[in-house]
Amino acid sequence: MKTEIYRKESLKQAAKQLQQEEVVAFPTETVYGLGAIASSQKAVERVYQAKGRPSDNPLIIHVSSVKQVIDSVVDFPEIAQKLVDAFWPGPLTIILHPKEQLFAPAVSAGLSTASFRMPNHPLTLELIDYVGEPIVGPSANKSTRPSPTSAQHVLDDLDGLISGVVDGGATSVGVESTVLDLTSQYGPVILRPGVITKEEIEAVIGKIVDKDDLTVSESEKPKAPGMKYRHYSPVKPVVSITFDKALWLKEITQLRAKGKKVALMANDELIEEFKELASATYSLGTPHDISMMNRLLFDGLRVLDKSDSDIILAEASPKVGQGLAYMNRLEKAAISSIQ
Ligand code: TXA
Ligand code: MG
């Protein structure tokens, strides 16, 4: 299959492919998504197949209007309205109870709930408008690979396996949306951290729960099925290290003594200090810029994975605010962490 590249001028053709139950990747502000019309079982199954995704991992439904969600759910609670007023279009996904038989069964993968998000990208909002109905959009990577933050990343994983990709440039946020379950008995629960933080959500709807903070047994905790799988992994091993020069020096020295070629993904200060000892480097920007770290994390893993090195040392961030989103991804990609 030839994978077409679509741009603003050819968006209508991309929409046509989607209407014909084909799979087309699209840009968002977070990461690229793998699109297919959410009402078609055939189209949605093609998404799972292209990604190599386990069939028990549900997909996010992407909309271009709040009305598309209201029309699709049994109940649209007041807190949902407050959240979409505050954060949409944007990197927040909300989980609600869908009306029966609107979406292909594969979308919810056996769950009684469905997740919705309005991405903040002009091309994709226009694309969904042209399609005329919501589209699913898991991250457009092969399962277990780092999420794609450019059209080229999508092609690196899926060229020849999907009908097309809409090229909207590099994504700005870089990590996937915050997933908030509004159907849980415990009240609103964050299932996956993103750049919209717990504190920001609480400022809009009051106290919420982070699934990791729930004091109930593991088996009772609400889950995002996708979070249990291996994730974000380059082929080379990744080790996460706190921003502490002594720790970096010790680790680099030990690895080099074993004959290992070391790649560094870190802030400019660390890179400046250790670049002579490294076989490859990738800058995450000036120190403590967590937005930049999130934006560049997946690109850095992909770039260094192609470098001539044996191991990737990646800078850790404090687990606060947007750092929670960053560390959630880095810890899933890494084999170990040094702090
Ligand atoms: O930013 C994003 O959310 C990106 C862009 C493309 O929009 N999409 C994305 O999709 O990250 P995906 O499929 O890679 O991750 C969706 C996550 C998975 O962990 C999945 O298990 C969870 O959301 N999820 C989806 N629907 C759910 C549901 N009904 N209940 C619980 N978890 C759900
Ligand atoms: Mg994903």
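What counts and what doesn't
Residues numbered from 1 in each chain as written. Chains lettered and ligands numbered in written order. Predicted model: local features only at pLDDT ≥ 70, side-chain atom pairs only at ≥ 80, totals over all residues. Heavy atoms only, no water. Near = heavy atom within 4 Å. Polar contact = N/O pair within 3.5 Å; in protein donor to acceptor, adjacent residues only side chain to side chain. Areas by Shrake-Rupley, 256 points an atom, 1.4 Å probe, with all protein chains shown as cover. Helix = DSSP H or I, 4+ residues; strand = E, 2+ residues; numbered from the N terminus. Nonpolar A, V, L, I, M, F, W, Y, C, P; charged D, E, K, R; others polar. Contact = heavy atoms within 4.5 Å. Salt bridge = Lys/Arg side-chain N within 4 Å of Asp/Glu carboxyl O. Buried < 20%, exposed > 50% of the residue type's maximum accessible area, 1.4 Å probe, protein only. Pairing = 2+ DSSP bridges. Core = buried A, V, L, I, M, F, W, Y, C linked by side-chain atoms within 4.5 Å. Axes fitted to C-alpha atoms, helices over the stretch in contact; angles between N-to-C directions. Parallel < 35°, antiparallel > 145°, perpendicular 65-115°, else oblique. Left-handed = near helix turned anticlockwise from the far one by under 90°.

### Quick look at the site of ligand 1
Next up, step 1: Around ligand 1 sit 27 residues in total, of which Thr30, Asn57, His62, Ser177 and Gly226 are the nearest.
Next up, step 2: Between ligand 1 and Ser177, the relevant distance is 2.6 Å, taken from an oxygen atom to a side-chain nitrogen or oxygen of the residue.
Next up, step 3: Here ligand 1 loses 97% of its free accessible area of 680 Å² to cover by the protein chains.
Next up, step 4: Considering every element that reaches the shell around ligand 1, the biggest residue donor is strand β6 (residues 114–117), with three residues.
Next up, step 5: Across the shell around ligand 1, the residue classes tally to 12 nonpolar, 10 polar and five charged.

### Section: the environment of Pro148
Next up, step 1: Tracing the backbone shows Pro148 in the loop between β7 (135–136) and α7 (151–158).
Next up, step 2: For the pair Pro148 and Asp299, spaced 151 residues apart in sequence, the C-alpha to C-alpha distance is 7.5 Å.
Next up, step 3: Setting aside residues no more than four positions away along its own chain, Pro148 makes contact with Val31, Tyr32, Ser139, Ala140, Asn141, His153, Val154 and Arg302.

### Side note on the pattern of salt bridges
Next up, step 1: Enumeration according to the criterion identifies 20 salt bridges in this entry.
Next up, step 2: Taking the shortest distance from any N to any O, the salt bridge between Arg329 and Glu176 comes out at 2.8 Å. Linking Arg329 in helix α12 (residues 323–333) with Glu176 in the loop between β8 (164–166) and β9 (178–181), this pair joins segments that are 153 residues apart in sequence. Across the pair, Glu176 and Arg329 agree in class, each one buried.
Next up, step 3: In this structure, Glu331 engages Lys319 in a salt bridge whose closest nitrogen and oxygen atoms are separated by 2.9 Å. Of the two residues, Glu331 is situated in helix α12 and Lys319 in the loop between β15 (311–315) and α12; the sequence distance between them amounts to 12 residues.
Next up, step 4: Look at the salt bridges and you will find they share partners, linking Arg145, Asp157, Arg302 and Asp305 into a network.

### Brief notes about the sheet that holds strand β4 (residues 60–62)
Next up, step 1: Taken together, 11 strands build an open sheet; the order of strands is β1-β8-β2-β3-β7-β4-β6-β5-β9-β10-β11 and the sheet is mixed. Each of the sheet's edge strands pairs with one partner strand only, and the pair in question is β1 (4–6) and β11 (209–210).
Next up, step 2: The pairing of strand β3 (residues 33–37) with β7 spans two bridges and is classified as antiparallel. Paired with Ile37 across the strands is Ile135, a residue of β7.

### Some details on the nonpolar core
Next up, step 1: Counting residues in each nonpolar core, the largest one holds 63 residues, and the members touching the most others are Ile94, Phe116 and Ile201.
Next up, step 2: Among residues more than four places away in sequence, those in contact with Phe116 are Ile60, Ile61, Val63, Val69, Ser72, Val73, Trp88, Leu92, Thr93, Ile94, Leu96 and Phe103.
Next up, step 3: Ranked by size, the runner-up nonpolar core spans 26 residues in total, among them Ala263, Leu304, Met327 and Ala334.

### Observations concerning the packing of helix α11 (residues 290–305) against α12
Two quantities define a packed helix pair, namely the angle between the axes and the distance from one axis to the other.
Next up, step 1: Relative to each other, α11 and α12 sit at 20 degrees, their axes nearing to 9 Å. By the angle class used here, α11 and α12 are roughly parallel. The handedness of the crossing between α11 and α12 comes out as left-handed. The segment α11 lies against α12, with Ile290, Met293, Asn294, Leu297, Phe298 and Leu301 engaging Gly323, Ala325, Tyr326, Arg329, Leu330 and Ala333.

### Some thoughts on unusual backbone geometry
Leave glycine aside and you will find that most residues have negative phi; peptide bonds, for their part, are mostly trans.
Next up, step 1: Following Trp88, the chain continues into Pro89 via a peptide bond in cis, with omega recorded as -10 degrees.
Next up, step 2: Tracing the backbone shows Pro89 in the loop between α4 (78–87) and β5 (92–96).
Next up, step 3: The residue Thr144 is not glycine, and still its phi comes out positive at about 80 degrees.
Next up, step 4: Assignment of secondary structure puts Thr144 in the loop between β7 and α7.
Next up, step 5: Thr144 gets classed as partly exposed once you look at its relative accessible area, which sits at 33%.

### Some words on the sheet that holds strand β13 (residues 262–266)
Adjacent strands of a sheet form backbone hydrogen bonds with each other and so pair up, either parallel or antiparallel.
Next up, step 1: Spatially, five strands are ordered β14-β13-β15-β12-β16 in an open sheet, and the strand pairing comes out parallel. The sheet is open, and its two borders are formed by β14 (280–283) and β16 (336–338), each paired with just one other strand. Strand-to-strand twist in this sheet, taken as the mean axis angle between neighbours without regard to direction, amounts to 20 degrees.
Next up, step 2: Relative to β15, helix α9 (residues 245–257) is tilted by about 180 degrees, and along the sheet it contacts β12 (238–241), β13, β15 and β16.

In short, shape yes, function no, at least from these values alone.
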